[in-house]
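# Architecture at a glance
One-letter residues, chain by chain:
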Amino acid sequence: AFFSALDRHQVTMVSEPGGLVGAGPGATLLIIAPGRPPTDDELAAYRAFLDRGYTIFLADDFGTGNRILAALSSRITIRTGPLASLDREYADPYSVVVYRSSNESPLGDTASLLLNAPASLDGGTPLLETSLFSWVDEDRDRHISGDEVLGSFTVMAREENGGGTMVVLSDPSIFINAMGGTMPDDNARFL
């Protein structure tokens, strides 16, 4: 649903690193839930893309996102362990509501989002954060227990990287169909 709603005249599917060479002004590369480590050619293409002043938007939680970030010398890292919260939309503590913490792009007029078991991020400028009633569920028991501590956690951050911008969202599931139409209006507006 996400991809079918995009303007086919302004969006290009990139399956090979060479596809990034002809990017137009203001281009953004969307990398959603990378399922395998990037090749050296892909990493070189990502670096060149950033150096030309473009934006890479990486949406990942516990996949290979950290390998991409490290290879691009990013200061942002994805932490292990899903976030849970008392500030949620449903009875599931992993249905975390997050809030805008900056007026920087790409949020537009998005005030909050509903995410599904996001990770937390370290580094960069926070764009979206959980409420103070959230925790990293290290033991994955869906309850705050043991050494788990309530606090606010970053789930979306940005940084200047090379000549471009790196944006990281720690929940790729916002792009799946189930997170679209029946979710809060801000989710649809953000997408």
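You'll find the structure just up there.
A brief structural summary. (Residues numbered from 1 in each chain as written. Predicted model: local features only at pLDDT ≥ 70, side-chain atom pairs only at ≥ 80, totals over all residues. Heavy atoms only, no water.)

### Remarks on the overall build of the protein
Summing up its helical and strand segments, the protein has three helices and 11 strands in all. Relative to the globule expectation of 16 Å for 191 residues, the C-alpha radius of gyration of the protein, 17 Å, shows essentially globular dimensions. Over its C-alpha atoms, taken along the principal directions, the protein stretches across nearly 50 × 35 × 30 Å. Counting all 191 residues of the protein, 46% fall into the buried class. Sequence-distant contacts, at least 24 apart, represent 66% of the contacts inside the protein between residues at least 6 apart. Total accessible area on the protein stands at roughly 9600 Å², and carbon and sulfur atoms take up 52% of it. Side chains of the protein give 13 positive and 26 negative charges; the mean places of these two sets differ by 4 Å. (Helix = DSSP H or I, 4+ residues; strand = E, 2+ residues; numbered from the N terminus. Rg over C-alpha atoms; globule rule 2.2 N^0.38 Å. Buried < 20%, exposed > 50% of the residue type's maximum accessible area, 1.4 Å probe, protein only. Contact = heavy atoms within 4.5 Å. Areas by Shrake-Rupley, 256 points an atom, 1.4 Å probe, with all protein chains shown as cover. Lys, Arg positive; Asp, Glu negative; His and termini not counted. Charge placed at Lys NZ, Arg CZ, Asp CG, Glu CD.)

### What about the side chain of Thr-64?
When you line up the elements, Thr-64 lands in the loop between strand 2 (55–59) and helix 2 (65–71). At 3.3 Å, the side chain of Thr-64 and the backbone oxygen of Pro-34 are in polar contact. A polar atom in the side chain of Thr-64 sits 3.2 Å from the backbone oxygen of Arg-36. Setting aside its immediate chain neighbours within four residues, Thr-64 contacts Pro-34, Arg-36 and Pro-37. (Polar contact = N/O pair within 3.5 Å; in protein donor to acceptor, adjacent residues only side chain to side chain.)

### A few points about the side chain of Glu-42
Secondary-structure assignment places Glu-42 in helix 1 (residues 40–51). Side chain to side chain, Glu-42 and Arg-36 meet in a polar contact 2.6 Å long. Apart from the residues lying within four places of it in its own chain, the contact partners of Glu-42 are Pro-17, Arg-36 and Pro-37.

### Description of the environment of Thr-55
Structurally, the position occupied by Thr-55 is in strand 2. Along the backbone, Thr-55 and Leu-132 are 77 residues apart, and their C-alpha atoms lie at a distance of 30 Å. When neighbours within four sequence positions are excluded, Thr-55 is seen to be in contact with Ala-27, Thr-28, Leu-29, Phe-49, Thr-165 and Val-167.

### What about the pattern of salt bridges?
For side chains bearing opposite charge, pairing can occur when the charged atoms are close. Applying the stated criterion to the full structure yields six salt bridges. Among the salt bridges present, the one from Asp-51 reaches Arg-47, with a minimum N-O distance of 3.3 Å. With Asp-51 and Arg-47 both in helix 1 and four residues apart, the pair spans about one turn of that helix. Take Asp-51: its relative accessible area is 43%, and that puts it in the partly exposed class. On the accessibility criterion, Arg-47 (23% relative accessible area) is partly exposed. With a shortest N-O distance of 2.5 Å, Asp-92 and Arg-142 are connected by a salt bridge. (Salt bridge = Lys/Arg side-chain N within 4 Å of Asp/Glu carboxyl O.)

### Considerations on helix 1
In an α-helix, one turn spans 3.6 residues, which is why side chains three or four residues apart end up on the same side. Taking 1.5 Å as the rise per residue, helix 1 with 12 residues should run 16 Å; its terminal C-alpha atoms sit 16 Å apart, in good agreement. Against the buried residues of helix 1 lie strand 1 (28–32), strand 2, helix 2, strand 10 (154–161) and strand 11 (164–169). Following helix 1 by one or two positions, Gly-53 adopts a phi angle in the positive range, close to 95°. (Expected span 1.5 Å × (residues − 1).)

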